[in-house]
Amino acid sequence: MSLLGRRVPPRPSSQGDDVRGGLARYVVAATLARTADGGAVVAIVLLVATSGAPGWLAGLLGACITAPHLLGPLVARCLDTARDGRTVIALACMAHGATLAAAVLLYPVTWSAITGVLLVASGLVGPLLTGGISSRLPAIAKPERSSQRRAQGWDVATYGIGGTIGPSLVAAVSAWSSPAMAALILAAATFVAAAAIRLLPYSPPAAAASDVPQPGRTLVMMFTTGPLRRTLYMTVVVALSVAVLPITAVASTDDLAVEPAAAGILAAVYGLGGLAGSAGVMLRPMRADADRLMTWLAAAVGITLAGAAFAGSFPAALMTYALAGIMNSCFFAATLAARSEYAPPEARGQVFVWVGALKITAGSAGTALAGAAVAHATQLPLFLAVAIITAVVGASVMDRGASAKI
């Protein structure tokens with residue numbers, strides 16, 4: 001409060017003195033939220049499976065919490081219109097946790113349809129815990145490109161940590177207690193994340209609510225803006241491609257002359273590679289233009305997938321899976337940079353959520369593609385992934401050249 005009794009609005013974080021503290025709070029909030037988001041589907045599937053219900057019901061209820069991510073952009077406009085975006089994301093975290101907890105507690109005593117509706121509600125706000133939180137990052141880090149890129153490395157790490165800790169926590173707590181207890185712990189984590197988000201530095205809305213486009217107009221704008229268009233289709237294709245790795249890892253253990261359990265080691269090495277890649281971006285931020293970086297790094301991901309397809313031994317497979325994780329993290333950081341640098345301020349939140357929602361959908365499609373293709377040949381999913389990455393890399397080069405001539 002000032003001497004005149006008027007409230008002094010907080011300064012944007014880019015002008016504040018607590019950038020490091022703001023980034024630290026961001027990492028805590030993002031990790032907790034993404035741990036809950038990443039582990040929820042595993043907890044639900046285990047809960048249903050251990051209750052003696054049929055497998056199809058476990059899959060259906062699991063899909064109820066993942067499929068609504070595609071609808072996330074329809075609720076993302078409030079991020080750009082709200083007077084304080086922190087409030088929107090904090091409420092989304094609490095809604096995610098409350099509906100997840102309610103679904104778990106009601107599952108044994110009510111119809112499965114009610115559980116499904118609650119899980120759909122939980123999944124609908126899921127994109128605000130992923131892309132929505134990321135949209136706050138440009139206002140937290142210093143405005144210099146190196147500081148922004150370093151912060152994006154931290155953001156990539158929170159995705160990797162959350163995606164690893166979430167399922168691992170569910171597995172550990174389920175073995176010790178029950179899947180229901182694991183889900184309730186994840187739900188509690190979202191409330192802690194909400195509190196941490198409210199402690200992030202304030203940044204004012206970038207535009208008046210009347211100037212913020214509707215979701216459909218935002219998507220059209222992304223398709224008609226060269227760098228954002230390339231961000232969108234390269235993110236989707238790379239997400240679809242790397243999603244084949246877990247399926248291929250399981251199927252290739254016979255070819256690599258190792259036990260089936262070794263597939264878990266390949267998956268873990270890929271995850272550790274991802275964390276190493278994000279650490280590399282933090283220590284040595286990428287300085288090149290984000291648009292071109294995405295093309296180069298997508299090509300690098302394709303090369304590592306080709307290496308995994310041709311790996312004839314387990315040590316070679318370990319190396320290529322680790323390299324794939326490193327390159328995918330660097331590519332992800334480049335897409336975050338592109339979203340931050342090329343999205344118009346009045347639609348930045350929607351751009352982040354649109355790309356994030358389509359990325360999750362593409363990952364699910366990649367897993368389904370791998371499951372269908374691996375039955376014909378063990379390495380076929382990887383060869384298909386390399387082919388589509390090669391095609392999209394070529395398309396991005398021609399797209400950029402055509403845009404430069406206009």
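Residues numbered from 1 in each chain as written. Predicted model: local features only at pLDDT ≥ 70, side-chain atom pairs only at ≥ 80, totals over all residues. Heavy atoms only, no water.

A.B. asks: How should the overall build of the protein chain be read in this particular structure?
C.D. replies: The secondary structure content of the protein chain amounts to 17 helices and 0 strands. A compact globule built from 406 residues should have a C-alpha radius of gyration of about 22 Å, and the protein chain, at 21 Å, falls within 12% of that. Seen along its three principal axes, the alpha-carbon backbone of the protein chain occupies a region of about 75 × 60 × 35 Å. Partitioning the intrachain contacts of the protein chain with sequence separation of at least 6 by distance along the chain shows that 83% fall at a separation of at least 24. A total of about 17300 Å² of accessible surface is found on the protein chain, and carbon and sulfur atoms cover 70% of it. Averaged over its 26 positive side-chain charges, the protein chain has a centre that lies 9 Å from the centre of its 16 negative ones. (Helix = DSSP H or I, 4+ residues; strand = E, 2+ residues; numbered from the N terminus. Rg over C-alpha atoms; globule rule 2.2 N^0.38 Å. Contact = heavy atoms within 4.5 Å. Areas by Shrake-Rupley, 256 points an atom, 1.4 Å probe, with all protein chains shown as cover. Lys, Arg positive; Asp, Glu negative; His and termini not counted. Charge placed at Lys NZ, Arg CZ, Asp CG, Glu CD.)

A.B. asks: Sorry, what's going on with the packing of helix H14 (residues 290–310) against helix H15 (residues 314–342) here?
C.D. replies: To characterise two packed helices, one gives the angle between the axes of the helices and the distance between these axes. Where H14 contacts H15, the axes come no closer than 8 Å and their chain directions differ by 160 degrees. Judged by the angle between their axes, H14 and H15 are roughly antiparallel. Considering how the two elements wind past one another, H14 and H15 form a crossing that is left-handed. By residue class, the composition of the contact of H14 with H15 is 18 nonpolar, 5 polar and 2 charged. (Axes fitted to C-alpha atoms, helices over the stretch in contact; angles between N-to-C directions. Parallel < 35°, antiparallel > 145°, perpendicular 65-115°, else oblique. Left-handed = near helix turned anticlockwise from the far one by under 90°. Nonpolar A, V, L, I, M, F, W, Y, C, P; charged D, E, K, R; others polar.)

A.B. asks: Looking at this model, I keep getting lost on the environment of Gly39. Mind explaining?
C.D. replies: With respect to the helices and strands, the residue Gly39 is situated in helix H1 (residues 19–50). Along the sequence, Gly39 and Arg136 sit 97 residues apart, while their C-alpha atoms lie 23 Å from each other. Leave out the neighbours within four places in its chain, and Gly39 touches Gly166, Pro167, Val170 and Leu186.

A.B. asks: Help me out: how do you make sense of the nonpolar core in this one?
C.D. replies: Where a protein is soluble and globular, its nonpolar side chains tend to be buried together. Leu266, Met286, Leu297, Val301, Leu305, Phe331 and Leu382 are the most contacted members of the largest nonpolar core, which has 44 residues in total. For this core, the secondary structure elements donating two or more residues are helix H11 (226–242), helix H12 (245–251), helix H13 (262–283), H14, H15, helix H16 (348–373) and helix H17 (380–405). Looking at this core element by element, the count peaks at 12 residues for H15. The contact partners of Leu297, leaving out residues within four places of it in the chain, are Met286, Cys330, Phe331 and Ala334. In terms of nonpolar packing, the next biggest core, distinct from the first, is built from 27 residues, Val88, Leu137, Ala193 and Ala194 among them. (Core = buried A, V, L, I, M, F, W, Y, C linked by side-chain atoms within 4.5 Å. Buried < 20%, exposed > 50% of the residue type's maximum accessible area, 1.4 Å probe, protein only.)

A.B. asks: How do you make sense of unusual backbone geometry when you look at a structure like this?
C.D. replies: Excluding glycine, most residues fall at negative phi; most peptide bonds, likewise, are trans. The phi dihedral of Ala257 falls on the positive side, at around 60 degrees, and the residue is not glycine. By the secondary structure assignment, Ala257 is in the loop between H12 and H13.

A.B. asks: Sorry, what's going on with the state of the cysteines here?
C.D. replies: What is meant by a disulfide is a covalent connection between two cysteines, made through their sulfur atoms. Counting across every chain of the model gives 0 disulfides. Left unpaired, Cys78 is separated from the closest cysteine sulfur, that of Cys93, by 12 Å. (Disulfide = S-S within 2.5 Å.)

A.B. asks: Got a minute to help me understand a nonpolar patch on the surface in this structure?
C.D. replies: Residues Leu106, Val109, Trp111 and Ile114 make up a contiguous nonpolar surface patch of about 440 Å² in total accessible area. Tracing the backbone shows Leu106 in helix H4 (residues 85–106). Judged by relative accessible area, which is 34%, Leu106 ranks as partly exposed. (Patch = residues over 30% accessible without salt bridge, like charges linked within 9 Å, V, L, I, M, F, W, Y side chains within 5 Å. Salt bridge = Lys/Arg side-chain N within 4 Å of Asp/Glu carboxyl O.)

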